[in-house]
Amino acid sequence: MNEEVNAVITCVGGYVPDYVLTNGELSEIVDTTDEWIMTRIGIKERRILKEKNSGTSVMGTKAVEDLFKKTDTKPEDIELVICTTTTPDYFFPSTAALIATNTGMKNAFAFDMEAACSGFLFGLETASSYIKSGRYKKIILVSGDKLSSVTNYSDRATCPIFGDGAGAVLVEPTSEKLGVLDSRLYTDAGGFPYLHIKYGGSAYPATEESIKSNGTTIYQEGKAVFKFAVTNMSDASELVMKRNGLTKDDIDWMVPHQANIRIIDAVANRMDFDRNKVMVNIQKFGNTSAGTIPLCLWEWEDKLKKGDNLILTAFGGGFTWGALYLKWAYNGKSK
Ligand code: UT7
């Protein structure tokens, strides 16, 4: 019998733009206050990619460059690049193709995946499957979004939430029991009415009228999405933990999608999970969609140890959601 192969993350890179959009600045744009945003969402500031004609690939490229500084792996060693994003630079070429070319990953094939805020989980499960097939040994997964490009800055209920950023991970094989050990991912397009961007795709191409009425920006029924997010993220996490014989005490870190501090707290409460073991950086970066989970791993990398049990969980447009059991593969910073 073949030796079992698992897919491990061996390095993390990240990038957030320099421009800081504060609650103070937002309160000059819409009728809101720092106090309301902090108590209802928990975001103090978010980063915005301001440079003209710059898309998600600019941030993805910087995240990958950051990663390559921390590993002996060379860009030309990479065989596959997956980019998960809902805000690609163009319909085509893919954002993954742009990032691969920008960073010299000239021997890789590259493609985009879209799973909204669950993009990193869907991408990591996909990268893991390529590794487990035995045919690929070095994969870069880049996840991020430029949500400022699809945010309606006249809707005070949505515009405080979103920000821009991207993270990247290197995924490689191991014969040890480490890395992506299980996941349960879900999709239900019945969530469309609650969270979507209606115009600008092939069904409803953008028109002058739809642009004027903000139809090319995010529409969200916040309260409904909130409830789905709490229930589904905690149920998926509990399912994955249960079927791997893990109790909350066996989990070293919970890495939740950063959409609203109250969602994160409600998930931790429902699972009776120690809040000190939950990664939270929403106050600095806001909701960067596919970018939130890798940006947490990027910030926490030096605290992580080989063998740590992580539960990653996300919920987003589609709906898409799920949880993934990741056993961390190295100690501290990768280099
Ligand atoms: O990442 C993808 C998945 N997305 C999510 O997980 C987001 C889930 N939803 C949420 O995080 C929350 O529902 C929101 C942050 C979007 C909204 O919070 P909420 O507590 O559900 O507020 P609400 O929309 O029900 O509004 C409550 C009140 C309303 O006033 P009235 O009708 O009670 O007088 C709003 O008009 O708060 C008002 N409001 C605001 N007030 C000041 C809404 N937005 C603001 C604001 N500043 N920015």
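This text goes with the structure placed above it.
Right, let's walk through the structure included here. None of these values were measured; they are calculated from a predicted model.

1. Here we look at the sheet that holds strand 8 (residues 179–187)
Sheet architecture is open: four strands sit in the order 8-13-12-11, paired in mixed fashion. Looking along the sheet, the strands with just one partner apiece sit at the ends: strand 8 and strand 11 (253–256). Here the strands of the sheet are splayed against their neighbours by 10 degrees on average, with no regard to which way each runs. As paired elements, strand 8 and strand 13 (residues 320–327) share eight bridges and run antiparallel to each other. In the sheet register, Ser 183 faces strand 13, and the bridge partner there is Leu 324. Packed on one face of the sheet, helix 7 (residues 222–243) meets strand 8, strand 11, strand 12 (309–316) and strand 13 and runs near 150 degrees to strand 12.

2. Section: the environment of Lys 137
Checked against the element boundaries, Lys 137 lands in the loop between helix 5 (119–132) and strand 6 (139–146). Through-space distance from the C-alpha of Lys 137 to that of Tyr 19 is 36 Å; in sequence the pair is 118 residues apart. Not counting the four nearest positions on each side in its chain, Lys 137 is found in contact with Glu 79, Ile 131, Val 171, Glu 172 and Pro 173. A distance of 3.3 Å separates a polar atom in the side chain of Lys 137 from the backbone oxygen of Gly 134.

3. A closer look at unusual backbone geometry
With omega at 5 degrees, the peptide bond leading from Phe 92 into Pro 93 counts as cis. Within the secondary structure, Pro 93 is located in the loop between strand 4 (80–84) and helix 4 (95–102). For the bond running from Gly 318 to Phe 319, omega is 0 degrees, close enough to zero to count as cis. Looking at the secondary structure, you find Phe 319 in the loop between strand 12 and strand 13. Positive phi values are uncommon outside glycine, yet Asn 53 reaches one of about 55 degrees.

What counts as what
Residues numbered from 1 in each chain as written. Predicted model: local features only at pLDDT ≥ 70, side-chain atom pairs only at ≥ 80, totals over all residues. Heavy atoms only, no water. Pairing = 2+ DSSP bridges. Helix = DSSP H or I, 4+ residues; strand = E, 2+ residues; numbered from the N terminus. Axes fitted to C-alpha atoms, helices over the stretch in contact; angles between N-to-C directions. Contact = heavy atoms within 4.5 Å. Polar contact = N/O pair within 3.5 Å; in protein donor to acceptor, adjacent residues only side chain to side chain.

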